[in-house]
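Observations on chain architecture
Spelled out from the first residue to the last, the chains are:
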Amino acid sequence: MAPAKRRNVSSVKTTEQSVKTAKIDLNSTVERILESRKNANDVFDIFEILQSEKEKEVVSAVNACNKLFCTLLERKELFVGNLPGEEEGLSGKYSAEEKYRMFMRHRYNSCVEMLLEHLSHELHDVKESALCCLIKFAAGEGQHPLEDLDWSEHYSFPRELIQAVVDRLLSQTTDNSLLISRFQEFLEMEDLRYYVMSSIRNHVGKVMDKNKGAVHPLYQNNVFTLMSNINMPSQESELTNFMVKQEGKHEDWKAAKLSEHKRIFERMWLGFLKYKLPSGMYKKILVILHDSILPYMSKPTLMIDFLTAAYDVGGAISLLALNGLFVLIHQHNLDYPDFYKKLYNLLEPSVFHVKYRARFFHLANVFLSSSHLPVYLVAAFAKRLARLALTAPPTALLIVLPFIYNLIRRHPSCRVLIHRPSAEDGECSRCVENTINFKYHLSSLLFLQTLQKHYHPDVAKAAMLINTPLPQQEDDIDEALETTPFELMERDLKQSQIKSVPLEFETATQLLKGGGDVLGQHFCLV
C-alpha cells in the first residue's frame, strides 16, 4: 500500500546544533528512505531543514536531497511520463508500486522548486549549492528521462529544467554576476551550452517584449554576463564533452553539430542586440565583438545594423564599432565605402584623452597599413594628426609623431608634405580642412616644426627627425601606446648618478706647503 500523502512532522529545532550532528541526522535519514519504502515520509524532515534560516543547515539539506534523488533517478524509482495529481494518484486504479513512484516524483518536483527558489537566496553559498544540485539533477534526468522523449529533435535532454535555471539566473531584481561565474564551469559541456543558449534567447525575447524594449540595466547586465561567459568551440572535433550520453543517433543530434551551435549562438546575440542597451554596455560588447562573437557566427555580416547604430552613439563607442566594421570588411568582404571617412572624423582633440586611446592608434595603424590606399587619403590623415599634435599631451605626441613618420615611409609620395614653403601651405589652408579629399600636393607638415621647441625633450627630439631623411625601417609604436603620464614623469625623474667632475688636470699638492712663496704668489695674483 502506498504511504499517506503526508504525516505530521516535528517543527524545526530552534536550539543550536553542530554541523556534524546535522549531517549525521540527514545522512541517516537519507539512508532510511533508500533502505525501505515505508520510510518515504521521512523526506519531509529533509524539506523542513531545506527551508531553515541557517546557512549551514540549508547547505547540508541540499546535499542530502542531491544524494537521495540522484539515487532514486538511477534506480528508476520515480514515475515516468505525465504525472497525475496527488489526489488522483491515491485512487485504486494504480498499483502500490506506481503510487510510490508518483509520491516520490511529486517530492522530487517539490525539491526542484525549492532549489530554484534558493537560487535567489541572499547567501551565496546557498545559491551555489542549489545550482550545483540542480545541474546534477539535470544530468540524472538526461540519463534517466522522466518525460516522453522527442527523438526527432531534442532527444533525452531535460530542457525544461535548464530553462528554469536560466530564468532564475537572469534575474530582473538581483545582480547574479557571481553566481553566473560559477555556472560558467558547467557551460564547458557541449549539450548544456547549446540548450542554455536557446533558453537565453527565449527568455530575453519574453522579458524585453513585456517591457516594450525599454532599457533594463540590471537584467541586461545579467544576460550579458551569462552570454559573454560562453566559450564556443572552433572545430567539430572539439565537441566531445557531453553531459548526456545519447544511446543512438548521436551524430544526428543538433547539440552534437558545430553548425547548430553557431546558428543558435548567432540567434542568441542578435536577439539580445536588437533591443536598446545601456550606454556602458555598448563598450563591453564592442570590446569582445571581434574575437569572441563574430568568429563564431554563421553570418557575421548580420552585425552590420548593430555596428552602424553603435557608431552613431559617438565617442569611444564609435571607435570600437569601427573595429568590428573593419573585421567585416577585411574578413567577410563587406562593402562599406564610408569606413575611412568615419575613421577620419574620429580624429578630434578628445581622442588623445579617451580611455581607449591606445586601442584607437593600434587599430588606426592597422587600418592605414596597406600600401594600396590612395595617397590623398594617407596625406589627409597625416595632415590632420599634425594639426592635432599642437594641443596634444606629451604621451600622445610620442605616439603621433612616429605614427606620421610611418605613414610617410609606407607612402613615399607623401614626402612632398615635408619642407614645403609656407606660402603654398597657406593656399591649402583655404581648402576645406574637414574633408578627407583635400589637395595634399599643396599642403605641408609645418606644424611639426613648432613641436621642435616643445618643453619635453623627448618630444622635441622626435620632432627634429622631420629635418633629416627618414630611415626605411618603421618605428614601433606599440611600446609607446600604453605609456602613462606618471610613467613618463618617473622616467624623467630617474637621473643617472652624476660622476665626480675633475677640477684640474693635475691634482694640486703644493698649495699649502712651502710657506710664503706659493701663498705669496697667489695673494699677489688676487
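Nothing here was measured: the structure is a model prediction, and the numbers come from that model. (Residues numbered from 1 in each chain as written. Predicted model: local features only at pLDDT ≥ 70, side-chain atom pairs only at ≥ 80, totals over all residues. Heavy atoms only, no water.)

Our next topic: the overall build of the chain. Scanning the chain for helices and strands turns up 24 helices and zero strands. Buried positions account for 48% of the 526 residues belonging to the chain. Relative to all contacts within the chain whose residues are 6 or more apart in sequence, the contacts with residues 24 or more apart total 73%. Within the structure as shown, the chain displays about 27,700 Å² of accessible surface, and the carbon and sulfur contribution to it stands at 52%. (Helix = DSSP H or I, 4+ residues; strand = E, 2+ residues; numbered from the N terminus. Buried < 20%, exposed > 50% of the residue type's maximum accessible area, 1.4 Å probe, protein only. Contact = heavy atoms within 4.5 Å. Areas by Shrake-Rupley, 256 points an atom, 1.4 Å probe, with all protein chains shown as cover.)

Mapping Glu 266 onto the fold places it in helix 11 (residues 258–273). Buried charge without a salt bridge: Glu 266, with Lys 299 as the nearest opposite-charge side chain at an N-O distance of 6.5 Å. For Glu 266, the side chain forms a polar contact with the main-chain nitrogen of Ser 298, separated by 3.0 Å. In contact with Glu 266, not counting residues within four places along its chain, are Met 297, Ser 298, Lys 299 and Leu 302. (Lys, Arg positive; Asp, Glu negative; His and termini not counted. Salt bridge = Lys/Arg side-chain N within 4 Å of Asp/Glu carboxyl O. Polar contact = N/O pair within 3.5 Å; in protein donor to acceptor, adjacent residues only side chain to side chain.)

Okay, the packing of aromatic side chains next. This structure, assessed with the given rule, holds 21 aromatic pairs. Centre to centre, the rings of Phe 44 and Phe 103 are 6.2 Å apart; their planes meet at 70°, and the pair counts as edge-to-face. Residue Phe 44 is found in helix 2 (residues 43–50), and its partner Phe 103 is found in helix 5 (residues 96–118); the two are separated by 59 residues along the sequence. For the pair Phe 44 and Phe 103, a shared accessibility class is recorded, and that class is buried. Seen from their ring centres, Phe 224 and Trp 269 are 6.4 Å apart, and the 75° between their planes marks the pair as edge-to-face. Placement of Phe 224 in helix 10 (residues 217–228) and of Trp 269 in helix 11 is noted, with a sequence separation of 45 residues between them. Look at Phe 224 and you get buried, because its relative accessible area is 9%. (Phe/Tyr/Trp six-rings, centres within 6.5 Å; stacked < 30°, edge-to-face > 60°.)

Moving on to the nonpolar core. Residues Phe 69, Phe 137, Ile 200, Trp 269 and Phe 272 are the most contacted members of the largest nonpolar core, which totals 168 residues. If you tally residues by element for this core, the top one is helix 18 (residues 394–410), at 11 residues. In contact with Phe 137, not counting residues within four places along its chain, are Cys 65, Asn 66, Phe 69, Cys 70, Leu 73, Tyr 108, Cys 111, Val 112, Leu 115 and Leu 161. (Core = buried A, V, L, I, M, F, W, Y, C linked by side-chain atoms within 4.5 Å.)

As enumerated under the stated definition, the model contains 13 salt bridges in all. For Glu 128, the salt bridge goes to Arg 182, with nearest N and O atoms at 2.8 Å. Of this pair, Glu 128 sits in helix 6 (residues 124–143) while Arg 182 sits in helix 8 (residues 177–183); the two residues are 54 residues apart in sequence, bridging distant segments of the chain. The partner of Arg 193 in a salt bridge is Glu 190, and the shortest N-O contact between them spans 2.2 Å. Taken as a pair, Arg 193 and Glu 190 lie in helix 9 (residues 190–210) at a separation of three residues, close to a single helical turn. Since its relative accessible area comes to 2%, Arg 193 is described here as buried. Members of the salt-bridge network, linked through shared partners, are Arg 37, Glu 97 and Arg 101.

Contact pair helix 2 / helix 3 (residues 55–75): the axes reach a minimum separation of 8 Å and the direction vectors enclose 145°. Where helix 2 crosses over helix 3, the handedness of that crossing is left-handed. Facing Val 43, Ile 46, Phe 47, Ile 49 and Leu 50 of helix 2, the residues of helix 3 in contact are Glu 57, Val 58, Ala 61, Val 62, Ala 64, Cys 65, Leu 68 and Phe 69. Its residues placed into classes, the contact of helix 2 with helix 3 shows 12 nonpolar, no polar and one charged. (Axes fitted to C-alpha atoms, helices over the stretch in contact; angles between N-to-C directions. Left-handed = near helix turned anticlockwise from the far one by under 90°. Nonpolar A, V, L, I, M, F, W, Y, C, P; charged D, E, K, R; others polar.)

Okay, unusual backbone geometry next. Where the residue is not glycine, phi is negative for most of them; where a peptide bond is considered, it is trans in most cases. We note that Lys 212 has phi near 55°; this positive angle belongs to a residue other than glycine. Within the secondary structure layout, Lys 212 lies in the loop between helix 9 and helix 10. Since its relative accessible area comes to 77%, Lys 212 is described here as exposed. Phi at Asn 333 is positive, roughly 55°, even though this residue is not glycine. Structurally, Asn 333 is set in the loop between helix 14 (316–332) and helix 15 (339–345). On the basis of relative accessibility, which here comes to 69%, the residue Asn 333 falls in the exposed class.

What is shown is where atoms sit, not what they do.
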